[in-house]
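Residues per chain are reported as follows:
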Amino acid sequence: MAKPRTLGWLALIVAFFAFLAWTTLSAQKVECDVCVEFNGGNNCAKASHETEAEATRAAHSTACGPLAHGMNETIACDNRPAISTRCRTK
């Protein structure tokens, strides 16, 4: 049987991680799906954030990841308009 002190620490650790998960997920109010076309390839990604602009930017950047190689292509892909953007509030 576990000691009460050990159970107390375990409860504290579980409560801390539950708090971290709650604060992280409660800030995610908008979810966006963004598709980009770059270097002859297409990729789509999903991201959530507090505002639509931030969620769109994060999804666009994530979608560019597999399509761009190196910093110059990453910047070029990030500056291209998305071929489709769909956002919804949570």
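Quick note: structure is the one above.
What comes next is a walk through the structure. (Residues numbered from 1 in each chain as written. Predicted model: local features only at pLDDT ≥ 70, side-chain atom pairs only at ≥ 80, totals over all residues. Heavy atoms only, no water.)

**Observations concerning the state of the cysteines**
Considering all chains together, one arrives at three disulfides under this definition. One disulfide bridge connects C32 with C87, the sulfur atoms lying 2.0 Å from each other. The sign of the 110 degrees torsion about the S-S bond sets the C32-C87 disulfide as right-handed. In this pair, C32 sits in strand β1 (residues 30-38) while C87 sits in strand β3 (residues 84-89), placing the two residues 55 residues apart along the sequence. What makes C32 buried here is its relative accessible area of 0%. Covalent S-S linkage joins C64 and C77, the inter-sulfur distance amounting to 2.1 Å. Judged by the torsion about the S-S bond (-85 degrees), the C64/C77 disulfide is left-handed. Of this pair, C64 sits in helix α2 (residues 52-64) while C77 is found in helix α3 (residues 71-78), placing the two residues 13 residues apart along the sequence. Here the two residues C64 and C77 agree in accessibility, since each one is buried. (Disulfide = S-S within 2.5 Å. Helix = DSSP H or I, 4+ residues; strand = E, 2+ residues; numbered from the N terminus. Buried < 20%, exposed > 50% of the residue type's maximum accessible area, 1.4 Å probe, protein only.)

**A few points about the packing of aromatic side chains**
Working definition: an aromatic ring pair is given by the centre-to-centre distance plus the angle between the planes. Tallied over the entire structure, the rule returns one aromatic pair. With a centroid separation of 5.6 Å and 70 degrees between ring planes, the pair formed by F16 and F17 is classed as edge-to-face. The class of F16 is partly exposed, set by a relative accessible area of 47%. Using a relative accessible area of 52% as the deciding quantity, one classes F17 as exposed. (Phe/Tyr/Trp six-rings, centres within 6.5 Å; stacked < 30°, edge-to-face > 60°.)

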